[in-house]
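Structure at a glance
In case you want the letters, here they are:
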Amino acid sequence: MPHHSLARRTLLAAFVAAPVSWSRVHAQSAPLPLTPAQTEGPFYPVELPADRDHDLLHVGPRRYTRGRPTTLEGRVLDTSGQPVSGAQVEIWQCDEDGHYHHPGDRGRADASFQGFGLVKVGADGRYRFRTIRPAPYTGRTPHIHVKVRLGQRELLTTQLYVEGEARNERDGLWRRLPPDDRARVTVPFQTGPDGLRAEFPIVVAA
């Protein structure tokens, strides 16, 4: 084969392959979509509890034995996919009977359920909580409230939902989200060796 024909074919192949290569590079550099924000709700603690670590199933010597034990974990990332080191993740939720540790809920929450947890992520951005599968209460599908702070800045307040939960379709806040945003805050709660496990990645504008 003449040298110029081989060179032409090589150049043509490079041009054909170029769009694919550029698409891959562009896809890798595209910013991650933000985790959608949602209302804080009426039951954020008026005063943070003395016991507010990652384990919501233990309060001092008391252990909460109701509900389905769940490990909730994930990473806090910025839109470039980098961990947000030092971010603080808070969660709060009702107990198995649908009651919050909040004066607006008439103080009916089980004292054995911590109801609120707080962790600070490390260099890898990872967080982990031990809690229960969220329970429903009148007018709401099961959900866990999530807040992310970095120093004095509040980066996100949202709510986390259970994938496949039939009540989701009847929940006004869940239905108000566009489909793509629903998918970002609705995750499977899968059976694991020590109960359920849910992975909730969080993307914030840091």
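Criteria and thresholds
- Residues numbered from 1 in each chain as written.
- Predicted model: local features only at pLDDT ≥ 70, side-chain atom pairs only at ≥ 80, totals over all residues.
- Heavy atoms only, no water.
- Helix = DSSP H or I, 4+ residues; strand = E, 2+ residues; numbered from the N terminus.
- Buried < 20%, exposed > 50% of the residue type's maximum accessible area, 1.4 Å probe, protein only.
- Contact = heavy atoms within 4.5 Å.
- Core = buried A, V, L, I, M, F, W, Y, C linked by side-chain atoms within 4.5 Å.
- 1 Å grid on protein atoms, 1.4 Å probe; cavity = no way out; pocket = protein on both sides within 12 Å on 5 of 7 lines; lining within 4 Å.
- Points joined across faces, edges and corners; volume = space filled by probe spheres on them.
- pLDDT = per-residue confidence, 0-100.
- Pairing = 2+ DSSP bridges.
- Salt bridge = Lys/Arg side-chain N within 4 Å of Asp/Glu carboxyl O.

**Re the overall build of the protein chain**
- Along its length, the protein chain carries 3 helices and 12 strands.
- Across the 206 residues of the protein chain, 41% fall into the buried class.
- Within the protein chain, residue pairs in contact and separated by at least 24 positions form 73% of the contacts whose partners lie at least 6 positions apart.

**Concerning unusual backbone geometry**
- Within the chain, Arg106 stands out as a residue other than glycine whose phi angle is a positive 60°.
- Tracing the backbone shows Arg106 in the loop between β4 (88-92) and β5 (116-120).
- Classification of Arg106 as exposed rests on a relative accessible area of 68%.

**Side note on the nonpolar core**
- If you look at the biggest cluster of nonpolar residues, it comprises 34 residues, and the most contacted ones within it are Leu72, Val76, Tyr127, Phe200 and Ile202.
- The set of elements that each furnish at least two residues to this core consists of β3 (69-78), β4, β6 (126-132), β7 (143-150), β8 (153-162), α2 (172-176), β11 (195-199) and β12 (202-204).
- With 5 residues, β8 is the largest single contributor of residues to this core.
- Among residues more than four places away in sequence, those in contact with Val76 are Gln82, Pro83, Val84, Ala87, Val89, Val121, Gly125, Tyr127, Val148, Ile202 and Val204.
- Formed by 7 residues, the second largest nonpolar core is a distinct cluster that contains Phe43, Tyr44, Cys94 and Phe116.

**Describing the layout of surface pockets**
- Considered as a void within the structure, the largest pocket measures approximately 220 Å³ in volume.
- Lining the largest pocket are 17 residues, and of these Pro49, Asp51, His101, Phe113 and Gln114 sit closest to its centre.

**Observations regarding the confidence of the model for the protein chain**
- When pLDDT is averaged along the protein chain, the result is 89, and 86% of the positions lie at 70 or above.
- Of the regions scoring below 50 in pLDDT, residues 2-27 engages in 2 contacts with residues more than four places distant in sequence or in other chains.

**Here's the deal with the sheet that holds β7**
- In spatial order, the strands read β5-β4-β7-β8-β9; together these 5 strands make up an open sheet with mixed pairing. Among the strands making up the open sheet, the edge pair consists of β5 and β9 (186-187).
- The sheet contact formed by β4 and β5 spans 5 bridges and is antiparallel. Following the sheet pairing, Trp92 is matched in β5 by Phe116.

**Describing the pattern of salt bridges**
- Within this structure, the stated rule accounts for 15 salt bridges.
- For Glu90, the salt bridge is made with Arg149, and the minimal N-O distance between the two is 2.8 Å. Placement of the pair is Glu90 in strand β4 and Arg149 in strand β7, with a sequence separation of 59 residues.
- Owing to a relative accessible area of 22%, Arg149 belongs among the partly exposed residues under this scheme.
- Several salt bridges converge on common partners, so that one network encompasses Glu40, Glu90, Lys147, Arg149 and Glu154.

**Concerning the environment of Arg140**
- Note on placement: Arg140 falls in the loop between β6 and β7.
- Distance from Arg140 to Asp171, taken between C-alpha atoms, is 5.8 Å for residues 31 residues apart in sequence.
- With near-sequence residues (within four places) excluded, Arg140 lies in contact with Gln159, Tyr161, Asp171 and Leu173.

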